[in-house]
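# Fold and contact review
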Amino acid sequence: MNKAQYVITGTDTDVGKTIFASALAGALKAHYWKPVQAGTEDGTDTKTVRQLSGLSDDHIIAETYCLNTPCSPHLAAEIDQVTIDIAALQPPIVDNILIIEGAGGALVPINRTTCYADIFADWQIPTIIVARTALGTINHSLSTIEILRNRNVPIHGIAFIGDEVSDSQNIICDMGEVRSLGRLPIIDPLNADNLSQVFHHHFDMKDFS
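This write-up is about the structure you can find in this document. Every chain's residues receive numbers from 1 upward, in the order its sequence appears when written. Per-residue local features are limited, in this predicted model, to residues with pLDDT of at least 70; the limit for side-chain atom pairs, both in listing and counting, is 80 or more; totals at the level of whole chains, interfaces and linings are taken over all residues. The side-chain values count all of the structure's non-hydrogen atoms but skip hydrogen atoms and water molecules.

Bringing the sheet that holds strand β8 (residues 155-161) into the picture now. When DSSP locates at least two bridges between a pair of strands, those strands are taken to pair. Working definition: helices are DSSP H or I runs of at least four residues, strands are E runs of at least two. Numbering for both runs from the N terminus. Pairing in this open sheet of seven strands is parallel, and the strands run β4-β2-β6-β1-β7-β8-β9 from one edge to the other. Two strands close off the open sheet at either side, each with one partner strand: β4 (60-61) and β9 (180-184). Examined bridge by bridge, β8 and β9 share four bridges and lie parallel to one another. Bridging from a neighbouring strand, Phe 160 pairs with Arg 183 of β9. The contact criterion used throughout is that any non-hydrogen atoms of two residues lie within 4.5 Å. Axis definition: a line fit to C-alpha positions, over the contact stretch in the case of helices; interaxial angles, taken between N-to-C directions, run 0 to 180 degrees. Strands in contact with helix α1 (residues 17-28) are β1 (5-10), β2 (31-33), β6 (98-105), β7 (127-132), β8 and β9; relative to β6, the strand with the most contacts, it is inclined by about 175°.

Here it is, written out as structure tokens:
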């Protein structure tokens, strides 16, 4: 069975979840799984993780649903004429650490009745919130924390992405009563080696043991 599991969610879309998931999965030599991918024209998050994590292909688990249209999964499924079965979205059993990546924010709907926060509540897996440091992050981050807490989702901590904005980062952790796991700065050029080096410099692996 899984040695440990972490869910990666975000405060919004395009906050850096996939980059953080790549770094964490690579650092832990974990397995990676994205339950639902919506949008394939520009590649998939699974493909990005394969490129940036340094993991071998046997550590990358295929999506349960891979949908063509880049929009909310509930609508992408309807456009593709696919019915998403929530019961099929159970974390795969692997003899290793498992990193699971959601899509967008915690309230993104998977179908017309269920959002990601609902399945996170069902899974009861420690969840890491990925948040920007940019303007607007306080409201988005505290809202995400409240959404998860209201569903009794265990929050492992918050990881920030971007330039340091210490006051915003501190007030989110203080008011939200969550711990900061670290901050991943913008990496240029972004590749597997640079991502690994920067991640290990800014995060303590003991926080994920």
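In this section: helix α2 (residues 45-53). Throughout this description, buried means an accessible area under 20% of the type-specific maximum (1.4 Å probe, protein chains only), exposed means over 50%, and partly exposed covers the range between. Within α2, the full set of buried residues consists of Thr 46, Val 49, Leu 52 and Ser 53. For α2, the angular spread of the buried residues around the axis is 135°, confining them to a single face. Those residues of α2 that are buried lie in contact with α1, β2, β4, β6 and α7 (192-202). Directly beyond the C-terminal end of α2, a positive phi value near 80° is found at Gly 54. In this description, one arc is meant: the one made by directions from the helix axis to the C-beta atoms.

This part is about α1. In this analysis, the expected span of each helix is defined as 1.5 Å times one less than the number of residues it contains. Its 12 residues give α1 an end-to-end C-alpha distance of 16 Å, which sits within 8% of 16 Å, the value for a rise of 1.5 Å per residue. Regarding α1, the residues found buried are Lys 17, Thr 18, Phe 20, Ala 21, Ser 22, Ala 23, Leu 24, Ala 25, Gly 26 and Leu 28. Downstream of α1 by one or two residues, Lys 29 has phi in the positive range, about 55°.

In terms of burial, β1 is a largely internal element, five of the six residues being buried. Here β1 runs beside β6; their pairing, made up of five bridges, is parallel. What sits directly across from Gln 5, in β6, is Leu 98. Pairing of β1 with β7 involves four bridges; the strand directions are parallel. Directly across from Gly 10, in β7, lies its bridge partner Val 130.

Another aspect to go through is the packing of aromatic side chains. Paired rings are identified among Phe, Tyr and Trp, the last through its six-membered ring, by centres lying within 6.5 Å, and are further divided according to the angle between planes into stacked (under 30 degrees), edge-to-face (over 60) and tilted (the rest). The final tally for this structure, using the stated rule, is eight aromatic pairs. Considering the side-chain rings of Tyr 6 and Phe 208, the 6.1 Å spacing of their centres and the 90° angle between planes classify their relative orientation as edge-to-face. Of this pair, Tyr 6 sits in strand β1 while Phe 208 sits in the segment after α7, and the two are 202 residues apart along the sequence. With relative accessibility at 2%, the residue Phe 208 sits in the buried group.

This part is about unusual backbone geometry. Cis geometry is adopted by the peptide bond preceding Pro 189, which originates at Asp 188 and carries an omega value of 5°. Mapped onto the secondary structure, Pro 189 falls in the loop between β9 and α7. Not every positive phi belongs to a glycine, and Asn 152 is a case in point at roughly 60°. Structurally, Asn 152 is set in the loop between α5 (137-150) and β8. Unlike most non-glycine residues, Glu 177 shows phi in positive territory, near 55°. By secondary structure assignment, the location of Glu 177 is in the loop between α6 (166-176) and β9.

Below, the discussion takes up the nonpolar core. In terms of nonpolar packing, the biggest core is built from 36 residues, with Ile 84, Tyr 116, Phe 120, Trp 123 and Ile 158 touching the most fellow members. When residues of this core are assigned to their parent elements, the largest contribution, five residues, is made by helix α4 (residues 116-123). Excluding residues within four positions of it along the chain, Ile 158 makes contact with Ile 129, Ala 131, Ser 141, Ile 172, Cys 173, Val 178, Arg 179, Ser 180, Leu 181 and Gly 182. We call a set of buried residues a nonpolar core when its members are Ala, Val, Leu, Ile, Met, Phe, Trp, Tyr or Cys and they connect through side-chain atoms within 4.5 Å of each other. Listed in part, the 28 residues of the second largest apolar core include Phe 20, Val 130, Ala 159 and Phe 208.

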